[in-house]
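Analysis of the macromolecular model
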Amino acid sequence: MCGIVGYVGDEECASLLVDGLRKLEYRGYDSAGVAVMGKNGLHVVRAKGKLKNLENKLVGEMPQGTIGIGHTRWATHGKPSDENAHPHKYGGVAVVHNGIIENHLELKEELQKAGHKFTSETDTEIFAHLIQNEIEKGLDLPKAVRAALKLVRGTYALAVISEKQPDMLVVSKNASPLVLGIGEGANYVASDVPAILAHTRDVVYLEEGDFAVITKKGIELTGANGQARKAEVRRIDWTPTMAEKNGHKHFMHKEIHEQARALTDTIRGRASVEEGDVFLDGCHLDAKIVQGISKIQIVACGTSWHASLTGKLMIETIAKIPVEVDLASEFRYREPLVDKNTLCIAVSQSGETADTLGSFREAKARGARGLAICNVVGSAIAREADDVLYTHAGPEIGVASTKAFTTQLAAFFLLAVRLGRLRGTLSADVARNHLENLRELPGLVERTLKYEDVIKAAAYKFSGARDLLFLGRGPQYPVALEGALKLKEISYIHAEGYAAGEMKHGPIALIDENMPVMVLAVRDSATEAGVNYEKILGNLQEVKARGGRVIAIHSEGDTMVPKLAEVSIPCPQTNPLLMPILSVIPTQLFSYHVADHRGTDVDQPRNLAKSVTVE
Ligand code: F6R
């Protein structure tokens, strides 16, 4: 939510800031702005709407200067408008902020009484006023920012520049992400690595409560305890081109097509078919720890929650440990039964989702051991975990999550096998079989993608639908939920995912000739049709009997399902627990082509942002 970028060095920085914002636009696109310090002081340019609007405004008004900050906004307080766009300037101070200041109204009232005039409805503007106040009292910029931070209550990633000390950026972080980039004769700050990847791959992730003064010569870092802290520099292995579109029309399309590579990277070096076991770098689970686990509690949001529902099936089937899956936003505020015998797994692509992070902390505070399944190295959730299992999906820029989902499933599968081996519920022979299936998966993903033309034709045919249902059973039920989420978020078509067996208990009333229904009717395994398959055939016929229009995803070679469906999409077959990794791909491509055909903004759908760092 909201993207921040900042630069200090010797180069003219306005266009560098805009380039950085382009890489952060997935975090929010309600407005954008830059503040650049030049010979004549601070120059702020802001525009409502997409970054394009700011770029248009900057033509002929490019601010000059070699220190600056930029922001792309996802509105929380105050509507999207030029006035509410960041940076906010007061006196000689300009500020960009990501987060929520809970006591801003009280502070604003006090300042107004003292004669301050506010020009926006945001909570952020308070910072500019508070900091300028402290500077007027005689404090230098770092001290003024510290004094202002003492007065606010809430979450923030903050970057500040001031005319008083035009050679420094002052930044601080509390619950919203911030990363520093270390360059040569120049230093950077950003909400996320892709914004600065074109300039440096050496980064420092800020911890909660960190405070930094950044000049072109270096960084002075202070921890939450007020003591100087050594900056731990990490080298990022993502290349700048990994965050580009590479000839695809949208990031989402590129990321769907990257899934074979992403899965290979996630599995590589971890699964040994020969030994029938899994080696998880970053996870310190041993037989004693695993024997002591009485329950696994998973917390996640959105697509990561759907992946977790499948993760539950994998762990319960393979490792025989009871698993509960909670929406992180619900888990936090109930009285969860979690103790030292619980393993809490937080699943998050970004590793920064506020609810997931909050739930993870809650579970850990109750004694649970914390394991993170994350994509972003060094993210908050990863840093707070006892064990980390990274999905190596690479940067996911499209707001709708695709490769993060399939790599999360692969990570869960690896974990389930490891837990099963350590717990003694899985023999080496069965593990070898599972891991062989996993090893074959990237090839099967490539084969699934080859059906894109069939899927695109189906998408065009149904792109005018007002509503759409997705049905699945067993491991395909979470895929139905995920398919529906993907369609609604990027095409704005109302869609619902249901466990197919639930149809009779209400949703079947919705079925008529205007209701397309996507049925995940794959076989349970290569050797048997299976109970889920047989039952879903029954559900499919119930839909058809009521005039519903069926789009079926079916196993390659199946002749039964295509006879019953108006449109049928083949999918390769594998181990039933891994089938969701294949069957979700047609739903991703279907949603993508529906949205593209309808002309929506696929990578930046309305009202959404990639990292939800506020509750
Ligand atoms: C949907 C989507 C969201 C995220 C959710 C959690 O396509 O991307 O539902 O899955 O906001 O995000 P992470 O995984 O970063 O915690």
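Refer to the structure above for everything that follows.
Just so we're clear, the structure is a prediction, and the values are computed from it rather than from any experiment. (Residues numbered from 1 in each chain as written. Predicted model: local features only at pLDDT ≥ 70, side-chain atom pairs only at ≥ 80, totals over all residues. Heavy atoms only, no water.)

Focus on the sheet that holds strand β9 (residues 179-182)
The criterion, for reference: Whether two strands pair depends on DSSP finding at least two bridges between them. Numbering goes from the N terminus for both helices and strands, where a helix is a DSSP run of H or I of at least four residues and a strand is a run of E of at least two. Residue contacts follow a heavy-atom distance rule, with two residues in contact if any of their heavy atoms lie within 4.5 Å. Orientation is described by axes fitted as lines to C-alpha atoms, over the contacting stretch for helices, and by angles from 0 to 180 degrees between their N-to-C directions.
Ordered by their spatial adjacency, eight strands build an open sheet running β3-β2-β4-β1-β10-β9-β11-β14, and the pairing between neighbours is antiparallel. Strand pairing shows two members of the sheet lacking a second neighbour, β3 (41-48) and β14 (234-235), which therefore form its edges. In the sheet, strand β2 (residues 31-38) pairs with β3 via eight bridges, with the strands oriented antiparallel. Across the sheet, the residue bridging to Ala32 is Ala47, located in β3. Each of β2 and β3 is contacted by helix α2 (residues 51-58), which is oriented at about 135° to β3, the strand it contacts most.

A look at unusual backbone geometry
Short version of the rule: When accessible area is computed with a 1.4 Å probe and restricted to protein chains, residues below 20% of their type maximum are described as buried, those above 50% as exposed, and intermediate ones as partly exposed.
Cis geometry marks the peptide bond from His86 to Pro87, where omega comes out at 0°. Within the fold, Pro87 resides in the loop between β4 (67-73) and β5 (88-90). The phi torsion at Ala175 lies on the positive side, around 75°, for a residue other than glycine. Here Ala175 shows up in the loop between β8 (169-174) and β9. The class of Ala175 is buried, set by a relative accessible area of 19%.

A short note on the site of the ligand
Condition: The rule for a residue being near a molecule or strand is that one of its heavy atoms must lie within 4 Å of it. In protein, a polar contact means a hydrogen-donor-capable atom and an acceptor-capable atom, both N or O and within 3.5 Å, with residues adjacent in sequence counting only if both atoms are side-chain atoms; elsewhere, any N or O pair within 3.5 Å suffices. Accessible surface area values rest on a Shrake-Rupley calculation with a 1.4 Å probe, where residue burial reflects the displayed protein chains alone. Amino acids are sorted into nonpolar (Ala, Val, Leu, Ile, Met, Phe, Trp, Tyr, Cys and Pro), charged (Asp, Glu, Lys and Arg) and polar (every other residue, Gly among them). Residue ranges assigned to the domains are those given by an automatic or database domain assignment.
Of all residues adjacent to the ligand, which total 14 residues, the nearest are Ser304, Ser348, Ser350, Thr353 and Glu489. Here Gln349 contributes a backbone N or O atom positioned 2.7 Å from an oxygen atom of the ligand. For the ligand, whose accessible area on its own is 410 Å², the fraction buried by protein is 90%. Counting only elements with at least two residues in the shell around the ligand, the list comes to α9 (302-319) and α16 (477-491). Each residue belonging to the shell around the ligand can be placed in one class, and the counts come to four nonpolar, eight polar and two charged. Each of domain 2 (254-447) and domain 3 (450-598) contributes no fewer than three residues to the shell around the ligand.

Considering the packing of aromatic side chains
Operational definition: Geometry of aromatic contacts follows a simple scheme: Phe, Tyr and Trp rings, the Trp one being its six-membered ring, pair when their centres are within 6.5 Å, and the pair is stacked under 30 degrees between planes, edge-to-face over 60, tilted otherwise. As a reminder, the over-ring test applies to NZ of lysine and CZ of arginine, requiring each to be within 6 Å of the ring centre and within 35 degrees of the ring normal.
Applying the stated rule across the entire model yields two aromatic pairs. Where Phe127 meets Tyr156, the ring centres are 6.2 Å apart and the plane angle is 80°; that geometry is what we call edge-to-face. One end of the pair, Phe127, is in helix α4 (residues 125-136); the other, Tyr156, is in strand β7 (residues 156-162), and 29 residues separate them in sequence. In this structure, Arg523 is placed above the aromatic ring of Tyr533, and the distance from its NZ or CZ to the ring centre is 5.2 Å. One cation-aromatic arrangement involves Arg606 over Tyr492; the distance from NZ or CZ to the ring centre is 3.8 Å.

Quick word on the packing of helix α13 (residues 403-423) against helix α14 (residues 428-449)
Note the threshold: For classification purposes, an angle smaller than 35 degrees is called roughly parallel, one larger than 145 roughly antiparallel, one from 65 to 115 roughly perpendicular, and anything else oblique.
One can describe the packing of α13 onto α14 by two numbers: an axis separation of 11 Å at closest approach and a directional angle of 170°. Accordingly, the angle class assigned to the pair α13 and α14 is roughly antiparallel. The residues of α14 that touch α13, namely those facing Phe413, Leu414, Val417 and Arg421, are Ala428, Ala431, His434, Leu435 and Leu438. Of the residues belonging to the contact of α13 with α14, the class tally is seven nonpolar, one polar and one charged.

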